[in-house]
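Report on the structure
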Amino acid sequence: MSFVPSTRRLPLTWVGLAPFLIFITLFLILPTAHIVIGAFQDRDGGFTLQNLRDLNTGTIPSSYWISVKISVASASLGCLIGFAMAAAVTFGAVPRWIKAPLMTFSGVASNFAGVPLAFAFLATFGPVGLVTLFLRNNFGIVLSRDLGFNILSFWGLTVTYLFFQIPLMILIITPALEGLRREWREAAEVLGATGLQYWRMIALPILFPSLLGTFALLFANAFGAVATAIALTGSALNIVPIQLFAQIRGDVLGNPNLGYAMAFGMIVVTAVANVLYIWLRIRAERWLK
Amino acid sequence: MSVWARIAGWAALLFGLLYFIVPLGGLFEFSLKARRGVYSLDAYAKVIGDAEFQATFTYSVVMALVTIAVGVLIVVPTAFWVRLKMPWARPYVEFITLLPLVIPAIVIVFGYIRLYNTSSWLPMTGSVTGTNLLLAMGYTVLALPYMYRAVDTGLRTIDVATLTEAAQSLGAGWIGILGRVILPNVIPAVLSGAFLTFAIVIGEFTLAALLDRPAFGPYLQRIGANKPYEPFALSVIAFAITWACMGLIQLVTRFSKHSKAAR
């Protein structure tokens, strides 16, 4: 074997990515890895599954359950209302010019989670809010007594989350609705299908991956929302982000590793929802080419 | 389009619009009620005169500007380099930039607090400057998905390879190419990303509260618990800032389209 001096230099192109990779490692990967590893460690650093088992103790299961319920409720209603609105502007039930401003507004509103949103809903549906007073003074309806509605509750939080869930649905589902070809509808009609049959047997099956995928995204979106919940309900409602917030502030669970396990549970839930979204989106795109 | 479909369409749209407009209206109306019986701007006058508002608001604005600067410094060279030299790495880099949408912010900051505490190898939370820096880095991570997408879309509209070769043949180094050729060409995209970053950072609550920094979001939440009208006036201000940022994005996008059509 003879030694041939190589004229090729070491590949150095990756150096250009170094700042990005260092940044991501320090401020995203390592912190997350620290939490995930901590979830599988006991106090002395040994490997254990006890923390994950302990998630089933105390108030933790109920907080996950309420979080899941709120996320499911706000994601389903968000999908439903957002779909109806997107369909109205896409299929020409309302004048065409409404679409562009609606999309712009959705872009803004879908980013508007947080403390100010909580105050907007307090000022509207709270004890002395605009709608509360309007119903009481004009119709004699007391929201909390006659309709059992309280803004600091399950439904209050769900209704508030809808303010950013509906626009997100509109933003994502409108392109999918635009992908439905006119020819498919015409072909169905030529073959004698009614409007209902067209939706049931053609449009909805094609849209199904998009709908389910967007549902997953909306679910993750609601599950991870912290600021709105804290500003609206304080610690009145026992949901995962609020409990985790309290745990980070003052170790209320009395076991740091159990806190890691809770955070790990959150990552798992949002990651599963997002993977579902991405996978279904790839499936949906087959029809939208 | 049948009559019923039209009615259903209008019903859906009107319901949705009411859903968006009523809370905003309720918020605005409530913020004007500080003086009994009449509408007034008293709550606004009070908050704007509040020294703590001025301090926290300034802090958040400075934070947003630092975040934008760090974001541009990291994202523009990376997106440029990936397009020019490592196109095969694009899906991977894109995937990484989308991770902050998957990992909840509260988990990321939880990691910061435990990983960079006073007894760790990099005790960033030990000093005020260190914590501020950590917060800026956290915000950069939160804004990364939006910033990267904006810049990458901007780069798609220009011929990166040709521009780079032209600049190199005229003797430009990498910094010259990035700062004087690439950046000016993607400035509308960078600005869109910057305005969105600004809107995100200005009212952000979770990171600032858990890192215990005096930012606008935690201040708003705190006075919400013990002042009657001021938090609502502050929320209107926060809404207005978000809207202004989004309006500026629209403006920048439209402006850049016009400049392209004129060529």
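The numbers attached to residues start from 1 for each chain and follow its sequence in the written order. Note on labels: chains are lettered from A, ligands numbered from 1, in written order. Totals for whole chains, interfaces and linings use all residues, but because this is a predicted model, local features are given only for residues with pLDDT of at least 70 and pairs of side-chain atoms are given and counted only at 80 or more.

**Some words on the overall build of chain B**
Secondary structure elements follow DSSP: runs of H or I of four or more residues count as helices, runs of E of two or more count as strands, with numbering from the N terminus. Of regular secondary structure, chain B possesses 12 helices and 0 strands. If you list the helices and strands of chain B from N to C, you get α-α-α-α-α-α-α-α-α-α-α-α. Once the C-alpha set of chain B is aligned to its principal axes, its extents read approximately 75 × 70 × 30 Å. Relative to its full complement of 263 residues, chain B shows a buried share of 46%. Note on contacts: each residue gets a C-beta atom placed from the backbone, and two residues are in contact if those atoms are within 7 Å. Here the analysis covers contacts within chain B between residues at least 6 apart in sequence; of these, 75% occur between residues at least 24 apart. The burial label depends on the number of other C-beta atoms within 10 Å of a residue's C-beta. Counts of 20 or more mean buried, 12 or fewer mean exposed, and intermediate counts mean partly exposed, with C-beta atoms placed from the backbone.

**Description of the overall build of chain A**
A tally of regular secondary structure across chain A gives 13 helices and 0 strands. Relative to the globule expectation of 19 Å for 289 residues, the C-alpha radius of gyration of chain A, 25 Å, shows a markedly less compact shape. In terms of principal-axis extent, the alpha carbons of chain A reach across some 85 × 55 × 30 Å. Burial statistics for chain A: of 289 residues in total, 42% are counted as buried. Look at the contacts in chain A between residues 6 or more apart in sequence, and 76% of them connect residues 24 or more apart. Atoms counted for the radius of gyration: C-alpha only. Globule rule: 2.2 Å times residue count to the power 0.38.

**What to know about the interface of chain B and chain A**
Residue-level contacts link 61 residues of chain B with 58 residues of chain A. Sort the elements by how many residues they give to the side of chain B that touches chain A and helix 1 (residues 3-31) of chain B lands first, with 18 residues. Split into classes, the residues belonging to the side of chain B that touches chain A amount to 42 nonpolar, 15 polar and 4 charged. For this scheme, ten residues count as nonpolar: Ala, Val, Leu, Ile, Met, Phe, Trp, Tyr, Cys and Pro. Four count as charged, namely Asp, Glu, Lys and Arg, and the remainder, Gly too, count as polar.

**What about the environment of Val-268 of chain A?**
Looking at where Val-268 of chain A falls in the secondary structure, it is placed in helix 13 (residues 256-285). Taking the C-alpha atoms as reference, Val-268 of chain A lies 29 Å from Ile-206 of chain A; in sequence the two are 62 residues apart.

**Digging into the packing of helix 5 (residues 115-125) of chain A against helix 8 (residues 154-178) of chain A**
Residue and element names in this part refer to chain A. Where helix 5 meets helix 8, the closest approach of the two axes is 10 Å, and the angle between their N-to-C directions is 120°. Comparing the axis directions of helix 5 and helix 8 gives the class oblique. When you trace helix 5 past helix 8, the crossing you get is right-handed. Between helix 5 and helix 8, the residues in contact are Leu-117, Ala-118, Phe-121 and Phe-125 and Gly-156, Val-159, Thr-160 and Phe-163, respectively. Convention adopted: a line fitted to C-alpha atoms gives each axis, helices being fitted over their contacting stretch, and angles between N-to-C directions are expressed from 0 to 180 degrees. For classification purposes, an angle smaller than 35 degrees is called roughly parallel, one larger than 145 roughly antiparallel, one from 65 to 115 roughly perpendicular, and anything else oblique. A clockwise turn of the near helix away from the far one marks a right-handed crossing, whereas an anticlockwise turn of less than a right angle marks a left-handed crossing.

**Here's the deal with the UniProt feature "transmembrane region" (unreviewed entry) in chain A**
Residues and elements named next belong to chain A. Mapped onto the present numbering, the UniProt feature "transmembrane region" (unreviewed entry) falls on residues 20-40, 72-94, 114-135, 147-177, 197-219, 226-246 and 258-280. As a span, residues 114-135 carries 77% helix and 0% strand, and end to end its C-alpha atoms are 27 Å apart. Annotated as residues 258-280, this span is 100% helix and 0% strand, and its ends, taken at the C-alpha atoms, are 33 Å apart. UniProt positions are given in the numbering used here, feature names are shortened, and annotations may be inferred rather than shown by experiment.

**A word on the UniProt feature "domain: ABC transmembrane type-1" (unreviewed entry) in chain B**
The sites that carry the UniProt feature "domain: ABC transmembrane type-1" (unreviewed entry) are, in the present numbering, residues 57-253 of chain B. Segment residues 57-253 of chain B splits into 81% helix and 0% strand. End C-alpha atoms: 28 Å apart.

**A few points about the UniProt feature "transmembrane region" (unreviewed entry) in chain B**
Residues and elements named next belong to chain B. Cross-referencing UniProt, the feature "transmembrane region" (unreviewed entry) maps to residues 7-28, 57-80, 92-113, 133-151, 189-211 and 232-253 in the present numbering. Note that residues 7-28 is 100% helix and 0% strand, and that its end C-alpha atoms are spaced 31 Å apart. Secondary structure within residues 57-80 divides into 100% helix and 0% strand; the distance between the first and last C-alpha atoms comes to 34 Å.

**Things to note about unusual backbone geometry**
All names here are of chain B. Positive phi outside glycine occurs at Asp-212, with the angle close to 60°. Structurally, the position occupied by Asp-212 is in the loop between helix 10 (206-210) and helix 11 (216-226). Taking the C-beta count within 10 Å as the criterion, Asp-212 has 13 such neighbours and is therefore assigned partly exposed.

**Focus: the confidence of the model for chain B**
All names here are of chain B. Here chain B averages 87 in pLDDT, while 97% of its residues score no lower than 70. At the level of individual helices and strands, chain B shows its lowest average pLDDT in helix 12 (residues 230-262), which scores 78, and its highest in helix 3 (residues 51-84), which scores 93. This complex was scored by the predictor with a pTM of 0.86 and an ipTM of 0.87. Values of pLDDT, ranging from 0 to 100, describe the predictor's confidence in every residue of the model.

**A word on helix 9 (residues 187-202) of chain B**
An expected span of 1.5 Å times one less than the residue number is assigned to each helix. Taking 1.5 Å as the rise per residue, helix 9 of chain B with 16 residues should run 22 Å; its terminal C-alpha atoms sit 22 Å apart, in good agreement. Across the 16 residues that make up helix 9 of chain B, a large majority, 15, are buried.

**Some points on the domain arrangement of chain A**
A common measure of how large an interface is: the accessible area buried when the components associate. Residues and elements named next belong to chain A. Considered domain by domain, chain A is made up of domain 1 (16-48) and domain 2 (59-285). The partner domain 2 presents 5 residues to the 7 residues of domain 1 that form the contact. Residue composition of the side of domain 1 that touches domain 2, by class: 3 nonpolar, 2 polar and 2 charged. Those domain boundaries reflect an automatic or database domain assignment.

**Side note on the confidence of the model for chain A**
When pLDDT is averaged along chain A, the result is 84; 94% of the residues meet or exceed 70. Within chain A, no element has a lower average pLDDT than helix 7 (residues 143-146) of chain A, which sits at 69, and none a higher one than helix 1 (residues 18-39) of chain A, at 93.

**Remarks on the packing of helix 5 of chain A against helix 6 (residues 130-139) of chain A**
Angle between the axes and distance between the axes: these two values describe a pair of packed helices. All names here are of chain A. Interhelical geometry of helix 5 versus helix 6 gives an angle of 10° and a closest axis separation of 3 Å. When the axis of helix 5 is compared with that of helix 6, the two are roughly parallel. Where helix 5 approaches helix 6, its residues Ala-123, Thr-124 and Phe-125 are matched on the opposing element by Leu-130, Val-131 and Thr-132. Of the residues that constitute the contact of helix 5 with helix 6, the class distribution is 4 nonpolar, 2 polar and no charged.

**A short note on helix 4 (residues 90-102) of chain B**
A rise of 1.5 Å per residue sets the reference length of helix 4 of chain B, with its 13 residues, at 18 Å; its end C-alpha atoms lie 19 Å apart and thus fit the reference within 8%. Looking at the buried positions of helix 4 of chain B, the neighbouring elements they touch are helix 1 and helix 13 of chain A together with helix 3 and helix 6 (128-156) of chain B.

**Re the environment of Val-269 of chain A**
Tracing the chain through its elements places Val-269 of chain A in helix 13. Along the chain, Val-269 of chain A and Val-226 of chain A lie 43 residues apart, while their C-alpha atoms are 15 Å from each other.

**Concerning the environment of Gly-192 of chain A**
Residue and element names in this part refer to chain A. Structurally, Gly-192 can be placed in the loop between helix 9 (182-190) and helix 10 (195-223). Under the C-beta neighbour-count criterion, Gly-192 is labelled exposed, with 7 such atoms within 10 Å. Sequence separation of Gly-192 and Ile-141 is 51 residues, and the distance between their C-alpha atoms is 49 Å.

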